[in-house]
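# Overview (structure and organization)
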Amino acid sequence: MSIWVDAVACPKVIKEILFRAAERTAVLVTLVANRLLHTPPSRYISALQVANGFDVADSEIVRRLETGDLVITADIPFAAEVIAKGGHALVHGVTCIQPIRFKPV
């Protein structure tokens, strides 16, 4: 399992918690954003810079996502896409996300 972070909108306090958890649990955490991000030196923490553009970071996370990976985001439609691909999503600012079944309107 890996943890992917939609990093631009992710609060600093959440990133800091994830950094500590990565070290404690030896789980890979990757921050994805369209700008340069600084991360603490760690073999478990990395940053991936993507091109500017609408949902480019989201698309890159979905492309790399494996079943069972966790994604941290503030974007509920993106979280639904992650769940549909077999990942888990945690939307900061929301208490709980369950698998969502979207039906066409």
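Nothing here was measured: the structure is a model prediction, and the numbers come from that model. (Residues numbered from 1 in each chain as written. Predicted model: local features only at pLDDT ≥ 70, side-chain atom pairs only at ≥ 80, totals over all residues. Heavy atoms only, no water.)

## Some details on the overall build of the chain
Looking only at helices and strands, one finds three helices and five strands in the chain. When the elements of the chain are put in sequence order from the N terminus, they spell out β-α-β-β-α-β-α-β. Sorting the 105 residues of the chain into buried and exposed places 40% on the buried side. A total accessible area of about 6,600 Å² is found for the chain, and carbon and sulfur atoms account for 58% of it. (Helix = DSSP H or I, 4+ residues; strand = E, 2+ residues; numbered from the N terminus. Buried < 20%, exposed > 50% of the residue type's maximum accessible area, 1.4 Å probe, protein only. Areas by Shrake-Rupley, 256 points an atom, 1.4 Å probe, with all protein chains shown as cover.)

## Re the side chain of D58
Note on placement: D58 falls in helix α2 (residues 56-64). No salt bridge is formed by the buried D58, whose closest oppositely charged neighbour, R64, lies at an N-O distance of 13 Å. Contacts of D58, omitting those with residues within four sequence positions, involve D6, D75 and F78. (Lys, Arg positive; Asp, Glu negative; His and termini not counted. Salt bridge = Lys/Arg side-chain N within 4 Å of Asp/Glu carboxyl O. Contact = heavy atoms within 4.5 Å.)

Shape descriptors only; they carry no functional weight alone.
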